[in-house]
Amino acid sequence: MRIRHLPETLVNQIAAGEVIERPAAAVKELVENAIDAGATSVAIDLRDGGKSLIRISDNGIGMTHDELIACLDRHATSKLPGEDLLNIFTLGFRGEALPSIGAVSRLSIASRARETPNAAWEIKVEGGRKDAPIPSAHPEGTRVEVRDLFYATPARLKFLKGDKAEYAAVKDTVMRLAMAFPAVGFRLTHNDALSLSLPAATQGDLWDQRRERLSALLGADFAANTVAIEAERDGVKLEGYAGLPTWSRGTSQNQYLFVNGRPVRDKLLQGAMRGAYADLLPGDRHAVAVLFLDLPPTEVDINVHPAKAEVRFRDSAGVRGLLVGSIRHTMMQKAGQGSATTLSDRTLAALQTTTSNAPHTPSYGTGNLAYSYTPAPSYGLAERTYENYRPLGSLQPAARSETAPTIAALQDQDYPLGAARAQIHENYIIAQTANGMVMIDQHAAHERLTYERFKAQVMEAGKIESQGLLVPEIITLDDTDIARLMDAAEQLDQLGLRIEPFGPDAVAVQAVPALLSGRAEISRLVRDICDELAEQGSTQGLEDRINALLSTMACHGSVRSGRVLNVDEMNALLRQMEATPKSGQCNHGRPTYITLGLKDIDRLFGRT
């Protein structure tokens, strides 16, 4: 077969395969056109997830008769006044969307230009065949209707998902654009049912408008469980909100990232998000964030992806450093001891469910202890009534309370985490604050404290203080695990763990970190480090590898569940938590404590 030029219709269908892969992509391109046209109100109507109908109406500047004809030609655009692809201030610039959509659907466009208030025109395209414009009664602005998307390319139609999935993708696209442009009102309907109604923000500056729009889209939980991010470096500005580590998600779908107002799903930025939360979240959890990155157009190339979903930065390391550093610094300063409000809400909900469903059981008090019994089932005439009773002396209290003078002395200091009242089940500390109570997971809390002390030693001295063993610990391992340990021997020595080979199938541990001396089970620690090294492979950076190993060692060196603490130890733990950054969650992203306000507790008992 000889080389030939493809017909225009086929060229547009090929382009549609790159730019318009599903209804959400068509909606994105058309809404971006409306925003670029200066619209302050955009209405999106869908039917069958956008497969049967996509209708987008705006009040932008509109198009004249000649512009209406030209907009359906490939690479015809009003958004590039010159020939410089680096100075782009609009969302679109290629002029591919409308001809690509027209090549695979039944498309009609009606528009009235602002400068010609008495002349409106409509043009139709079906499967790439363009009709002549005809007069229309359309008001100022533009209406684009896309019917039977991909009818001209049945193969592409087969790859679309169900109506609900396609609609969800469209809604996510509209939400992202609405976040970036709070001064534009959005209205979304699906099968005549209203889905989104967002009025244009007219009061306050851009920061206030974004906050109002985000609250409307993401709900009250977002505002209560995020901290504001604001930083600038070398002409690159970062603003937005980042979620607390204890308020995370199972996917990165709730990370909304914008570059110069453009929603992106950029691998560099997503990798920077993982790096910022590296020692705050487990590997299978993802932070919630809405971040806006603004920089000169010459510093970012947006012409690297057909759908403009990815970008390329001139100084990618600088951008990554700004994002990672800003989030880490803010989490340390503003959310060091913070935990998500949803944890308290879930706790209250669980308690209310338990108390509402629990059967009534009489209780009898003796001294400081209260005991309850549950009536036994009936056995007819031969009732075994003795089953209804239990000897009181056989029951043991489930908690240890502390003396009142100690509590009062600590409460006078108004500590944020309060004064320890009791330890229950040798794992949880109950503390009383001025406005309620706090329940602390002693192992998770001490794990974070130990981890931060390890990191501080590495940062200050470059090495963790080690404690030599009088008798080396000999540990039998697989040859691959031994090889991994020896490859990481220098890093492990820096972390206070000195390991030497001991024959073909064992290693000898000569020293351990001083903080772990007498606390950790050495063989178990070394095996966990082997697992960590095997999981990381050789792709992880040095800092990330060290932090991962520190996290493993901190887990082994922390107060274990089941250890009884006296009141001084419990209060010392609380004071250390108050002085330690990021103590609201352990190294694995689990919360270290939950707060309950006095009003919430009163509500549980029907006192309010």
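Now for a look at the structure at hand. None of the values given here were measured: they were computed from a predicted structure.

What follows deals with the pairing of strand E14 (residues 289-294). Across the six residues of E14, five count as buried, placing the element largely inside the fold. Pairing between strand E11 (residues 236-243) and E14: six bridges, direction antiparallel. Across the sheet, residue Glu239 finds its bridge partner in E14, namely Phe292. The pairing of strand E12 (residues 255-259) with E14 spans five bridges and is parallel. In the sheet register, Gln255 faces E14, and the bridge partner there is Ala289.

If you walk across this open sheet you meet the five strands as E10-E11-E14-E12-E13, and the pairing is mixed. The sheet is open, and its two edges are formed by strand E10 (226-233) and strand E13 (262-264), each paired on a single side. Mean inter-strand twist for the sheet, computed between neighbouring axes without regard to direction, equals 20 degrees. Two strands pair when backbone bridges link them, and E12 and E13 are joined in this way by three bridges, in the antiparallel orientation. By the bridge assignment, Val259 is partnered in E13 with Arg262. Here helix H7 (residues 206-218) sits on the sheet and contacts E10, E11, E12 and E14; the angle it forms with E11, its principal contact strand, is near 30 degrees. Across the sheet, helix H9 (residues 267-276) touches E12, E13 and E14, and the angle it forms with E12 is around 130 degrees.

Let us look at the environment of Trp247. Among the secondary structure elements, Trp247 is positioned in the loop between E11 and E12. With 41 residues separating them in the primary sequence, Trp247 and Val288 have C-alpha atoms 7.3 Å apart.

A separate point is the pairing of strand E9 (residues 193-198). Where strand E8 (residues 185-190) lies against E9, five bridges are found, and the strand directions are antiparallel. Its bridge partner lying in E9, Leu188 is registered against Leu196. If you look at the hairpin formed by E8 and E9, you'll find two residues sitting between the two strands, and Asn191 has a positive phi there, around 55 degrees.

Taken together, the buried positions of helix H14 (residues 479-487) are Asp481, Ile482 and Leu485. With its buried residues spanning 100 degrees around the axis, H14 presents them on a single face. With respect to the buried face of H14, the exposed residues turned more than 90 degrees away are Asp479 and Asp487.

Taken in spatial order, the three strands of this open sheet run E23-E25-E24, and their pairing is antiparallel. Strands with a single pairing partner mark the edges of an open sheet, and in this sheet they are strand E23 (466-476) and strand E24 (498-501). Between one strand axis and the next, the sheet turns through 20 degrees on average, direction left out of account. Pairing between E23 and strand E25 (residues 506-513): seven bridges, direction antiparallel.

Attention now goes to the side chain of Glu122. Positionally, Glu122 belongs in strand E4 (residues 120-126). For Glu122, a relative accessible area of 16% gives the class buried. When near neighbours in sequence (up to four residues on either side) are disregarded, Glu122 contacts Leu68, Ser108, Ile109, Ala110, Ala132, Pro133, Ile134, Ser136 and Arg143.

So, about the packing of aromatic side chains. For the structure on display, the rule yields four aromatic pairs. When the ring of Trp207 is compared with that of Tyr241, the centres are 5.4 Å apart and the planes differ by 40 degrees; the resulting orientation is tilted. Here the residue Trp207 occupies a position in helix H7, and Tyr241 occupies one in strand E11, the gap between them amounting to 34 residues. Here Trp207 and Tyr241 have matching classes, each one buried. The structure contains a cluster of three or more aromatic residues connected by ring pairs, namely Trp207, Phe222, Tyr241 and Trp247. One cation-aromatic arrangement involves Arg106 over Tyr151; the distance from NZ or CZ to the ring centre is 3.9 Å. The ring of Phe292 has Arg210 sitting right over it, with the charged end atom 3.7 Å from the ring centre.

The biggest cluster of nonpolar side chains holds 58 residues, and the ones touching the most others in it are Val27, Val31, Val42, Ile44, Ile109 and Phe186. Among the elements that make up this core, the one with the highest residue count is helix H6 (residues 163-180) (nine residues). Ignoring any residue separated from it by four or fewer positions in sequence, one finds Val27 in contact with Ile44, Leu46, Ile54, Ile56, Val170 and Val174.

To continue, consider helix H4 (residues 97-104). With eight of eight residues buried, H4 lies mostly within the body of the structure. Looking at H4, one finds that the buried residues are Ala97, Leu98, Pro99, Ser100, Ile101, Gly102, Ala103 and Val104.

Attention now goes to the pattern of salt bridges. Per the stated rule, a full pass over the model turns up 24 salt bridges. The salt bridge involving Glu239 is made with Arg210; its shortest N-O contact spans 3.4 Å. Note that Glu239 is positioned in strand E11 and Arg210 in helix H7, a separation of 29 residues in sequence. Across the pair Glu239 and Lys237 runs a salt bridge whose closest N-O atoms are separated by 3.2 Å.

Turning to the packing of helix H13 (residues 442-461) against helix H18 (residues 567-579), a few remarks are in order. The contact between H13 and H18 brings their axes to 10 Å, and the two run at 50 degrees. For the element pair H13 / H18, the angle class is oblique. The two elements H13 and H18 meet at a crossing, and its hand is left-handed. Residue-level contacts link Gln442, Ala445, His446 and Leu449 of H13 to Leu573, Gln576 and Met577 of H18. Grouping the constituent residues of the contact of H13 with H18 by class yields four nonpolar, three polar and no charged.

The next subject is the packing of helix H2 (residues 23-36) against H6. The interhelical angle for the contact between H2 and H6, taken along N-to-C directions, is 25 degrees, at an axis separation of 8 Å. Regarding the angle of H2 to H6, the classification is roughly parallel. Here the hand of the crossing between H2 and H6 comes out right-handed. Contacts from Pro23, Ala24, Val27, Lys28, Val31 and Glu32 in H2 reach Glu166, Ala169, Val170, Thr173, Val174 and Leu177 in H6.

Definitions and limits used
- Residues numbered from 1 in each chain as written.
- Predicted model: local features only at pLDDT ≥ 70, side-chain atom pairs only at ≥ 80, totals over all residues.
- Heavy atoms only, no water.
- Buried < 20%, exposed > 50% of the residue type's maximum accessible area, 1.4 Å probe, protein only.
- Helix = DSSP H or I, 4+ residues; strand = E, 2+ residues; numbered from the N terminus.
- Pairing = 2+ DSSP bridges.
- Axes fitted to C-alpha atoms, helices over the stretch in contact; angles between N-to-C directions.
- Contact = heavy atoms within 4.5 Å.
- Arc of directions from axis to C-beta.
- Phe/Tyr/Trp six-rings, centres within 6.5 Å; stacked < 30°, edge-to-face > 60°.
- Lys NZ or Arg CZ within 6 Å of the ring centre and 35° of its normal.
- Core = buried A, V, L, I, M, F, W, Y, C linked by side-chain atoms within 4.5 Å.
- Salt bridge = Lys/Arg side-chain N within 4 Å of Asp/Glu carboxyl O.
- Parallel < 35°, antiparallel > 145°, perpendicular 65-115°, else oblique.
- Left-handed = near helix turned anticlockwise from the far one by under 90°.
- Nonpolar A, V, L, I, M, F, W, Y, C, P; charged D, E, K, R; others polar.

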